[in-house]
Protein chains: 2
Amino acid sequence: MKTTIRVAIVGCGTVGGSVASLLLKDRRLIGERSGVDVELAAVHTRTFSRATDAGVPEELFERSLETLLERRDIDVVVELIGGLTVARDIVLRAVANGKHVVTANKALLAHHGTELWEAARANGVCIGFEASTAGGIPVIRAITDGLLANRIDAVYGIVNGTSNYILTQMTQQGMGYADALAGAQRDGLAEADPSLDVNGTDSAHKVAIMAALAFGIKVDFDAIPVSGIDLLESVDVTFGSDLGYVVKLLAVAHRTPDGVTPWVRPAFISREHPLAWVSGPFNAVSIYGHATGHTLYYGRGAGGHPTASAVISDILSIGMGTLPAVFDHTGYWQDRNKDARQVPMAQTSSRFYLRIMAKDQPGVLAEIARIFGNHSISIASMLQPEVTEDGAETLVPIVITTHISAQQNLEDALAHIDALDITGERAACIPIIEEHAERFGTTE
Amino acid sequence: MKTTIRVAIVGCGTVGGSVASLLLKDRRLIGERSGVDVELAAVHTRTFSRATDAGVPEELFERSLETLLERRDIDVVVELIGGLTVARDIVLRAVANGKHVVTANKALLAHHGTELWEAARANGVCIGFEASTAGGIPVIRAITDGLLANRIDAVYGIVNGTSNYILTQMTQQGMGYADALAGAQRDGLAEADPSLDVNGTDSAHKVAIMAALAFGIKVDFDAIPVSGIDLLESVDVTFGSDLGYVVKLLAVAHRTPDGVTPWVRPAFISREHPLAWVSGPFNAVSIYGHATGHTLYYGRGAGGHPTASAVISDILSIGMGTLPAVFDHTGYWQDRNKDARQVPMAQTSSRFYLRIMAKDQPGVLAEIARIFGNHSISIASMLQPEVTEDGAETLVPIVITTHISAQQNLEDALAHIDALDITGERAACIPIIEEHAERFGTTE
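These numbers come from a predicted model, not from an experiment. (Residues numbered from 1 in each chain as written. Chains lettered and ligands numbered in written order. Predicted model: local features only at pLDDT ≥ 70, side-chain atom pairs only at ≥ 80, totals over all residues. Heavy atoms only, no water.)

1. Thoughts on the overall build of chain A
Rules: By the criteria applied, helices consist of DSSP H or I runs no shorter than four residues and strands consist of E runs no shorter than two, each listed in order from the N terminus. C-alpha atoms define the radius of gyration in this analysis, and the globule rule sets the expected value at 2.2 Å times the number of residues to the power 0.38. Think of it in three bands: residues with accessible area under 20% of the maximum for their type are buried, residues over 50% are exposed, and the middle band is partly exposed, with areas taken using a 1.4 Å probe on protein chains only. Pairs of residues are marked as contacts when any of their non-hydrogen atoms sit within 4.5 Å.
Tallying secondary structure elements over chain A gives 16 helices and 17 strands in all. The C-alpha atoms of chain A give a radius of gyration of 24 Å, which matches the 22 Å a tight globule of 444 residues would have. Projected onto its principal axes, the C-alpha coordinates of chain A cover approximately 80 × 50 × 35 Å. Out of the 444 residues belonging to chain A, those deemed buried represent 61%. Partitioning the contacts of chain A with sequence separation of at least 6, the portion at a separation of at least 24 is 74%.

2. Comments concerning the packing of aromatic side chains
All names here are of chain A. Formally: We call Phe, Tyr and Trp rings a pair once their centres come within 6.5 Å, taking the six-membered ring for Trp, and we label the pair stacked below 30 degrees between planes, edge-to-face above 60, and tilted otherwise.
In total, this model carries 22 aromatic pairs over all chains according to the counting rule given. A centroid spacing of 5.8 Å and a plane angle of 75° characterise the contact between Tyr-156 and Tyr-288, whose relative ring orientation is edge-to-face. One end of the pair, Tyr-156, is in strand E6 (residues 152-158); the other, Tyr-288, is in strand E10 (residues 282-289), and 132 residues separate them in sequence. Like Tyr-156, the residue Tyr-288 is buried in the burial classification. Between the aromatic rings of Phe-282 and Tyr-298, the centroid separation amounts to 4.9 Å while the plane-to-plane angle is 5°, which identifies the pairing as stacked. Of this pair, Phe-282 sits in strand E10 while Tyr-298 sits in strand E11 (residues 293-300); the two residues are 16 residues apart in sequence, bridging distant segments of the chain. Classification of Phe-282 as buried rests on a relative accessible area of 11%.

3. Regarding the interface of chain A and chain B
So the rule is basically this: Two parts placed together each lose some accessible area; with a 1.4 Å probe, that loss summed over both constitutes the buried area. For this document, the term salt bridge refers to a Lys or Arg side-chain nitrogen within 4 Å of an Asp or Glu carboxyl oxygen. Any pair of nitrogen or oxygen atoms within 3.5 Å is treated as a polar contact; in protein, a donor-acceptor pairing is required on top of that, and neighbouring residues in sequence qualify only through side-chain atoms on both sides.
Residue-level contacts link 62 residues of chain A with 62 residues of chain B. Summed over both partners, the interface of chain A with chain B comes to about 5,300 Å²; 59% of that surface belongs to carbon and sulfur atoms. Considering only the surface of chain A that becomes buried against chain B, Arg33(A), Trp277(A) and His329(A) emerge as the three largest contributors, covering 17% of it. For Glu32(A), the salt bridge is made with Lys338(B), and the minimal N-O distance between the two is 3.8 Å. Across the contact surface, chain A and chain B share 30 residue pairs in polar contact (both at pLDDT 80 or more). Looking at the side of chain A that touches chain B, the elements that each hand over two or more residues are helix H1 (14-25), helix H2 (27-34), helix H7 (139-146), E11, helix H13 (304-320) and helix H14 (322-329) of chain A. With 9 residues, the single largest contributor to the side of chain A that touches chain B is H13(A).

4. Points about the relation of the copies chain A and chain B
Each of the two chain copies can be brought onto the other by rotation about an axis and movement along it. The condition that has to hold: Here the copies were fitted onto each other by least squares, based on C-alpha atoms from residues at pLDDT of at least 70 in both.
Overlay of chain A on chain B (RMSD 0.0 Å): rotation 180°, translation along the axis 0.0 Å. In short, the pair behaves as if placed about a two-fold rotation axis. When the interface residues of chain A are mapped onto chain B, 100% of them are again interface residues, pointing to one common binding face.

5. Observations regarding the nonpolar core
Applied cut-off: Nine residue types can take part in a nonpolar core, namely buried Ala, Val, Leu, Ile, Met, Phe, Trp, Tyr and Cys, and a core is a set of them joined through side-chain atoms within 4.5 Å.
Among the nonpolar cores identified, the biggest contains 239 residues, and Ile315(A) and Ile315(B) are the most heavily contacted of them. Once residues within four sequence positions are removed from consideration, Ile315(A) is found in contact with Ile5(A), Val7(A), Leu23(A), Val38(A), Val76(A), Val78(A) and Val102(A). One finds Ala267(A), Ala154(B), Tyr156(B) and Trp263(B) within the second-largest nonpolar core, a separate group that totals 40 residues.

6. Focus: the confidence of the model for chain A
Rule in force here: Scored from 0 to 100, pLDDT reflects the predictor's confidence in each residue.
For chain A, per-residue confidence averages 94 on the pLDDT scale, and residues scoring 70 or more make up 98% of the total. Both scores are given for the predicted complex: the pTM is 0.96, the ipTM 0.96.

7. Remarks on the pairing of strand E13 (residues 349-359) of chain A
All names here are of chain A. Operational definition: Being paired, for any two strands, means DSSP has found at least two bridges between them.
Of all 11 residues in E13, 9 are buried; the element is thus mostly enclosed. Looking at chain direction, E13 and strand E16 (residues 405-406) are connected through 2 bridges and run antiparallel. The residue of E16 that forms the bridge with Ser-349 is Ala-406. Pairing of E13 with strand E17 (residues 428-433) involves 5 bridges; the strand directions are antiparallel. Considered in E17, the bridge of Arg-355 is made with Ala-428. Relative to strand E15 (residues 395-402), E13 runs antiparallel, the two sharing 7 bridges. Within E15, the position partnered with Ile-356 by the bridge is Ile-398.

8. Here we look at the side chain of Arg151(B)
Inspection of the secondary structure assignment puts Arg151(B) in the loop between helix H7 (139-146) and strand E6 (152-158). Among the polar contacts listed, one links the side chain of Arg151(B) to the side chain of Asp153(B), at a separation of 3.4 Å.

9. Re the domain arrangement of chain A
Defined as follows: By convention here, the domain bounds are inherited from an automatic or database domain assignment.
According to the domain assignment, chain A contains domain 1 (3-132), domain 2 (139-300) and domain 3 (346-433). Each of domain 1 of chain A and domain 3 of chain A has a C-alpha centre, and these two points are 52 Å apart.

10. Notes on the sheet that holds strand E2 (residues 36-44) of chain A
Residues and elements named next belong to chain A. Defined as follows: Axes here mean lines fitted to C-alpha atoms, for a helix over just the part in contact, with angles spanning 0 to 180 degrees between N-to-C directions.
Here 5 strands make up an open sheet; going across it, the order is E2-E1-E3-E4-E5 and the pairing parallel. Looking at which strands have only one partner, the edges of the open sheet turn out to be E2 and strand E5 (127-128). With 4 bridges joining them, strand E1 (residues 3-10) and strand E3 (residues 76-79) adopt parallel strand pairing. Its bridge partner being in E3, Val-10 is matched across the sheet by Glu-79. Sitting on the sheet, helix H5 (residues 85-96) touches E1, E3, strand E4 (100-103) and E5, and the angle it makes with E3 is about 175°.

11. Let's talk about the pairing of strand E8 (residues 245-256) of chain B
Residue and element names in this part refer to chain B. Within E8, 10 of the 12 residues are buried, leaving the element largely enclosed by the surrounding structure. With 4 bridges connecting them, E6 and E8 associate as antiparallel partners. Residue Val-155 lies in a different strand from E8, and its bridge partner there is Ala-253.

Below you can see the structure in the form of structure tokens.
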């Protein structure tokens, strides 16, 4: 039963180093478990220090990318350099040369998935990308294999460990965003430039990949509304907590009667929701299917070894022939998917948490309530937390939760309220996400 | 790419009815997602009322099991009658006739796995059993596919929804066991005869299946130490809660230097542990791999539709050819596994919660502490919760937690203490399970 498969790693940083190290050290274990003998055949990278640390012998260093991509003895190219330009070129050339590709590059797949899958299919090879989404958690396999009997109604992910770590510090330690970010950087859990993590872009890449597979739609990445945690204020974390909510950076896609709505933003969820438990750098994805109901997948979404676990599982699936079979059979891949309407955020509905800073004077609450009424926003609760300073000129917070409201109406109302001379800075607005209903057997 | 596969269901109760209903109603959806056209070809069952409810047309009723098992037009037999005798016979005859089998029958696999897999392999077919463990959660696939790059160190499962529902009621509502069980029966979450669920047998079947796949060992089912929740007293749930613990019926298997230890028993886990969050009828399985670290899989472990989701995923994997490939390639199946030492419970170690009922008189604590000392049991905390009654003749609880102790030493000490004339009924003893350590990259 033993199949041999020869692998080249392109890009040997943290993840590449872990892949190389595990392939070399655990070759026998992996072969025994999977029946696939994986031989590390070549490593190409800018500087070989990580490769050396991982125990890669110098004779496997392949300094010419050109040569590597042409070598006939290589079955699988593992692309781990990241980025869009060179990585795209590498993947296209690898598949053109009849090599399977395994990648952790979520940005590449979110932007160029259709093109890459078309190219792979045209060349009779496949692309493995378990490592692109939620690191060591086999969630891509859950969607493309384990849950195949389901019509998937919704995917809710906490898929950025850096953001989740920062939010956990803000929630549990009462830290402000800047301090929590600095702490994450100190602990090695945030990059020196954390922009793509904290501004939601990384989460958007991942939800784009999951939405395509779950719903069978071509996702227009640029049409995904994205906001990150970088504008979140700790006062809202605290007030939300008083109301029984935990703030999480959610990457969500769900069906609505009008289409599919993928989005990324900080949102409040009830402390009782399983996703509220996911703390520190961990990731989790909740998937709602019409047969399974709610299933959730939890684990480490980043880091060398967890991500390497996902990379190697794809190599093994190629060796066993399972990934090619899934790639051939299943209907929901970017290149096979249908165009679908991505519902703009303004046309969606939700409950909301709002914090309006207003002068502490008579008639203010009435005025604000009147404006919401005019825009068909129904208020669920309104409270004025006690603050230490006072006086008519001081702005005090008014915390409001709404019933389900149309986002467009809410935006109109807030624009109106922000323009009042009794209110201060821009109102804070965070959606409150209810537990998604399980709808067994219903595909309508 | 479309493959057609013809399926017969044997046993049409809750799960069989859901499988039939989904296959008939969602044939197009399932075909679109998986590229496999699943045709329901026959249903054999004792009474066809559920089949009728599920919309199975009468021409698919196959009243003769003999005929069904001989029919050449059937590719897959779905065995859902349960039990050990007839089910074993059906599976053996189906595979002998060259048919793949899909089953939810955990007892059958736990007892006869080796024989059945050998028979399937000899006939060039395979057995799908995703539905046997944790219902709709694709945890068998996680072990046999998604986590293939890992040496798995430990599996911790909450895999019996009935028990978890009862324990949740005891923990959150302060109910006694009998009331909670009656409530579960009223809510349709416990059978009229709930023995196999509440006494731990069902969980033991599941941990036997998972341990074989995770560790590559032949599991001796009869050597698994099992205790259930039926002897649990609500006073211990309360005292444990005061100490920060939640009681769960855990099905555990982990490596020790001496072998593998599968066991099932009620255990305390910290309120911070992800498994503590799993409430009501939900199941979850935590798996610790040397590459991924901790991953957890959560969802509904029973019920018609969730279990049917798992059954159909196996049918589709057979249609796609992925299950046969995994069955051929991977090394860890009961029929291929090695014998391994199953460490007897008495030779394992743990922290423990103990409740000793003793006379409320001077010297009692000292005597108990002395006995523990003599047996090398190190006490972490000892407290005497206030009780309303008093007097030298009344027995009052002494609650003790220990540091890591050898189970055999503990049993010896408790036998000694139970025999004292200052102590009453048998001491309550519940292990306290620590968060399993993630050991990245270590296979020693």
